[in-house]
Amino acid sequence: NMNKFIGIGRITAKPELQYTPSTQTAVTHFTVAINRQSKDGGADFIRVTAFGRQAETICRYMDKGRQIAIDGRIQTGSHKDKDGKTVYTTDVVVGNAEFLGSASEKPKQTAEEVAQDVSDFFGMDAQVNDGMPF
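All values reported here derive from a predicted model rather than from experimental measurement. (Residues numbered from 1 in each chain as written. Predicted model: local features only at pLDDT ≥ 70, side-chain atom pairs only at ≥ 80, totals over all residues. Heavy atoms only, no water.)

Asks: Just checking my understanding: could you explain the pairing of strand 6 (residues 86-100) for this structure?
Replies: For a regular strand, side-chain orientation follows a simple rule: the groups alternate between the two sheet faces. Sheet analysis places strand 4 (residues 43-51) next to strand 6, joined by two bridges and oriented parallel. Paired with Thr49 across the strands is Val93, a residue of strand 6. Where strand 5 (residues 67-80) folds back onto strand 6 in an antiparallel hairpin, the turn is made up of five residues, including Gly84, whose phi is positive at roughly 85°. (Pairing = 2+ DSSP bridges. Helix = DSSP H or I, 4+ residues; strand = E, 2+ residues; numbered from the N terminus.)

Put into structure tokens, the structure is as follows:
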């Protein structure tokens, strides 16, 4: 069996460090905009989760608009929302992350600017989907 994800994109918001309630393990959830390699363009907004030292490093050094390369695995799950409805999730759990670009890059101020940079990097049109819940 193989479950492998590899992607390069831009972080859409500053990652925040949290700790799991039971084991107090460091964890962060953030979203990466990754341009689609198709004629119609667009971008996918991938939810990413990192644990432990990787979570701490990502939160310390990465910011909105910074480019990151991730390799990891896809993990699905579900939980009940405040209305009792089941919400299904799909995350990339980081195995390895590499920071790309310069640390002195100016962070982007809007999702549209992030999408434009993704577009510039890949040479394709990126679209912002404001309907995403994260």
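Asks: Help me understand the confidence of the model for the chain, please; the structure alone is not making it clear to me.
Replies: Reading predicted coordinates in detail is not appropriate for stretches of low pLDDT. When pLDDT is averaged along the chain, the result is 82; 75% of the residues meet or exceed 70. Mean pLDDT across the secondary structure elements of the chain bottoms out at helix 2 (residues 111-122), with 52, and peaks at strand 2 (residues 18-19), with 96. (pLDDT = per-residue confidence, 0-100.)

Asks: Teacher, can you tell me more about the environment of Lys80 here?
Replies: Topologically, Lys80 is positioned in strand 5. The exposure class assigned to Lys80 is exposed, which follows from its relative accessible area of 57%. In contact with Lys80, other than residues within four places in its own chain, are Lys85 and Thr86. (Buried < 20%, exposed > 50% of the residue type's maximum accessible area, 1.4 Å probe, protein only. Contact = heavy atoms within 4.5 Å.)

Asks: Is there a simple way to think about unusual backbone geometry in this case?
Replies: Of all residues except glycine, most have a negative phi; of all peptide bonds, most are trans. At Gln24, a position not held by glycine, the phi torsion is positive, near 55°. Examined against the element boundaries, Gln24 turns out to sit in the loop between strand 2 and strand 3 (26-35).

Asks: How do you make sense of the environment of Thr90 when you look at a structure like this?
Replies: Looking at where Thr90 falls in the secondary structure, it is placed in strand 6. Overall, the relative accessible area of 49% leaves Thr90 in the partly exposed class. Along the chain, Thr90 and Gly77 lie 13 residues apart, while their C-alpha atoms are 6.6 Å from each other. Sequence-distant contacts of Thr90, that is, excluding residues within four places in its chain, are made with Arg47, Ile74, Gln75 and Thr76.

Asks: Help me out: how do you make sense of helix 1 (residues 52-61) in this one?
Replies: For an α-helix the count is 3.6 residues per turn, leaving residues at separations of three or four pointing the same way. Restricting attention to buried positions, one finds in helix 1 the residues Ala55, Ile58 and Cys59. Looking straight down helix 1, one finds its buried side chains confined to an arc of 95°; they lie on one side. Turned more than 90 degrees away from the buried face of helix 1, the exposed residues are Arg53 and Arg60. Along its buried surface, helix 1 packs onto strand 3, strand 4 and strand 6. (Arc of directions from axis to C-beta.)

Asks: Looking at this model, I keep getting lost on the nonpolar core. Mind explaining?
Replies: In summary, soluble globular proteins display a tendency toward joint burial of nonpolar side chains. The biggest cluster of nonpolar side chains holds 15 residues, and the ones touching the most others in it are Ile11, Phe30, Val32, Val48, Ile68 and Ile70. Elements with a minimum of two residues in this core: strand 1 (5-11), strand 3, strand 4, helix 1, strand 5 and strand 6. The element contributing the most residues to this core is strand 3, with four residues. (Core = buried A, V, L, I, M, F, W, Y, C linked by side-chain atoms within 4.5 Å.)

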